[in-house]
Amino acid sequence: MTALTRGRRAFTAAALTVATAVLLGAAGLVAGGSGDARAAGGAVVLDEGELDFVPRLADGTMTLQIDDRSGATAVVHEPSEVVLHVPAATLQNFPDPLAQAYGMSGHDNWQLGGQQSEGLFAPEPGWIGSEAGGPTEVRLSGFEGPALFGMATFTFEMENADEPPVPHLGSVDPAPRAFTLDGGAERFAPLWFFDAEGVYRLTFTVTSGTATDTETLAVVVGDDIDPAGVLPGDGSTPTATPTGSPTDSVSPTPTGPAAHVIAKGHVDLAAREVDGDLEFQIKEGSLTDYDWYEPGEVVFHVTPVARRKIPEGYGFLGTPGEPVWWLPMSQHPDIVWPGWSTTDWPKSEVDGKLTYRLDSVQGPGNVALFGDGALGGTDIQINSGDGLPDASTIAADTHRHTYWAFTAEGVYRTTWTWSATLADGTKVSDTETMAWVVGDDVDPGTVTPGTGDEPTATPTTTPSVSPTLSVSPSTPDPTATPSATNSSGSGGVSAGGGSNGASTSGGSGSDTTPTGGLAATGTGAAVLAGAAVAALLGGVGAILVVRLRRRRTAG
C-alpha cells in the first residue's frame, strides 16, 4: 500500500481501484482482512494471537466462523480454510485433577490457554455466542488424531480452592461430547489440550434452535510437521498447488573443526580441578551418564521452543511483549538446560568462592542471567546490555541453575572466565569462548565452535535494549573482584555435595490412539501438499512462566 500511496498522482481513480484489487487478490487476502501468511495448500496458518470461534445466525442460516484478531485488523476465516498451529513451546504441566477428569494420569501435554500460557507466542482461542440468537450447542461430532483432545476449564484459582475442573469436550470417555455456549457477549476461553504431537482434525457442529452448521478444523501440534504443508479442513480437498518454494538461505561452510551441537538436555559449565589447576569444561548428561567437552568443541542451539514474550518487570531484557529466547531454571525436554558446577572442588581447597565472569559477547543481541529474588523481584546476576565484564560467585562443591535470556536470533560467541584463589593462595583461572545459535535462521551444524571467524566482536545494533553492548578489555585480570558480583549466589538453584541435578520435568504425551465412538472425518493421517511455500511461522517460545506453578523442578 505504501507503493500505491507514493504513486497516487500517477493513477486515475479507476486505475487505482483496479490495481488495489489485483494486489489483494494476488496476496490471497480475505475481504476486510490483513496479511495472514498462506500455507502451501492455500490455507492460512494461525499460530499466535487472539481468535474466536463464532456461531453466526443470519436469515435462518447458521455459520461457524473464526474471528482472527492477531493482526492490526480483524479477519474472518472459515474453519475449513485455516490450519491452527499449536507450537512446541505450549508443552506444559497437565494438573492431576484435570488429568483424572479425563480418566488419565498426570503428565505434560500441549495446551492453549492453560495455566502456564501467559507470555507464549501461541494461538489464544475462545468462543463467542452472542451472534447465534440464543444458547448454542457446540458438539465434537468428529475427531481424528494421534491421541487425546480435550477442552476444559481449570484455573489456578480453582486449583487453590480445591474446586474440580470442568470438562467441556473430549475425544474419549468419560469426557463430554458437547457443551452449551451462552448467548451473551462475554468471551468464553477454556483450555484446549492435545496429548501428542501430530495432525488433528476436529469436527464441530453448532446448533441453535433448528439452525446448524458443521465445520472441520485442522490442527498441527508440535513442530515435527510443518503446518504450511498440511491441507485444511478434513484434508480431502486440495487447494492451490504451490508454484515454487522460497530459496533457502545458504549458511557459510564451517572453516574450523566440526562442532558437537547441544540443543536439549542438561549441561554443566564446570570449573574442573585438573592436576591442581582450574580448567573450564562442559559436562553433558546426567549424574551417572555424561561426557566432557572443551568449550571450543561445542555449539549450543537455543531452539525456537525457548521463544517467549518479555514479561512485565523485565525491562532489562527489552520492551514487555517483545520476543526473547528464554532458558528456564527447570528442565524442559526440548530446551538446552545449562547450569554451573564447582563440584570438583572441595570447600577446603578454595579460599572463598569461585567466580564465573562474562568478559565479552559477540552477536546480534544481549545475554542475561538472572533468578527470582529472595524477597520478590528479579536477581539480575549478569547482563551484557548494561556493560561488561559482569560476574557472579559460587561456592565450591556446588551446582546451580539460573534463567538465561538472549534478546535476538542469530549466532553468539560468549567469552567466560572461571577463576578462584586456592587455600594456599595460588590464583587459578581459565578463559574460554562458547558458540550459541539462537533460533532456526542458522543451521548450528554449519557454525564453527569457539571463537569462530566473524569479523566483528559486537553487534552494530542492540535490539530493544539500551545501551549498546560493550566488550571487556582484551586482557582482564581473571582474579579481579567483579563490579557486579552476586556474592550470595542467590536466585539460582544450588545444591552442595556434588549434586548434578539432571532430572527431567515430565514426559511426552501418550502415543495411545483414542477410541470413543466418534465419527471419523478426513483422510486419516496428515495429508501433505508438496513443498511448503511459507516457512514455519514464529510463535514458539519457552513454556516457562516466571513462577511456574505445580511444575516439577530439578536442581
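Structural notes, computed from the coordinates. (Residues numbered from 1 in each chain as written. Predicted model: local features only at pLDDT ≥ 70, side-chain atom pairs only at ≥ 80, totals over all residues. Heavy atoms only, no water.)

## What about the overall build of the chain?
Counting its secondary structure elements, the chain contains 4 helices and 32 strands. Within the chain, the proportion of its 555 residues that are buried is 50%. In the chain, the share of contacts with a sequence separation of at least 24, taken over all contacts with a separation of at least 6, comes to 74%. Total accessible area on the chain stands at roughly 22,700 Å², and carbon and sulfur atoms take up 52% of it. (Helix = DSSP H or I, 4+ residues; strand = E, 2+ residues; numbered from the N terminus. Buried < 20%, exposed > 50% of the residue type's maximum accessible area, 1.4 Å probe, protein only. Contact = heavy atoms within 4.5 Å. Areas by Shrake-Rupley, 256 points an atom, 1.4 Å probe, with all protein chains shown as cover.)

## Topic: the pairing of strand β29 (residues 403-406)
Burial along β29 is two-sided: the residues Tyr403 and Ala405 and Trp404 and Phe406 are all buried. Bridge count for strand β22 (residues 323-327) against β29 is 3 bridges, and the pairing is antiparallel. Each residue of the ladder has a partner; that of leucine 327, found in β29, is tryptophan 404. As paired strands, strand β25 (residues 367-372) and β29 are joined by 4 bridges and run antiparallel to one another. Considered in β29, the bridge of valine 367 is made with phenylalanine 406. (Pairing = 2+ DSSP bridges.)

## Here we look at the packing of aromatic side chains
According to the stated counting rule, one finds 33 aromatic pairs in the structure shown. Clustering of aromatic rings is evident, with ring pairs tying together Phe53, Trp127, Phe143, Phe149, Phe179, Phe188, Trp192, Phe194, Tyr200 and Phe204. The aromatic ring of tyrosine 290 is capped on one face by lysine 283, whose charged end is 4.3 Å from the ring centroid. (Phe/Tyr/Trp six-rings, centres within 6.5 Å; stacked < 30°, edge-to-face > 60°. Lys NZ or Arg CZ within 6 Å of the ring centre and 35° of its normal.)

## Quick look at the sheet that holds strand β8 (residues 123-127)
Strands sit in the order β4-β3-β2-β8 across an open sheet of 4 strands; the sheet is mixed. Every other strand in the sheet has two partners, leaving β4 (75-77) and β8 as the edge strands with one partner each. When strand polarity is set aside, the average angle formed by the axes of neighbouring strands in this sheet is 30°. Strand direction decides the pairing type here: strand β2 (residues 49-58) and β8, joined by 5 bridges, are parallel. Residue glutamate 50 lies in a different strand from β8, and its bridge partner there is glutamate 124. (Axes fitted to C-alpha atoms, helices over the stretch in contact; angles between N-to-C directions.)

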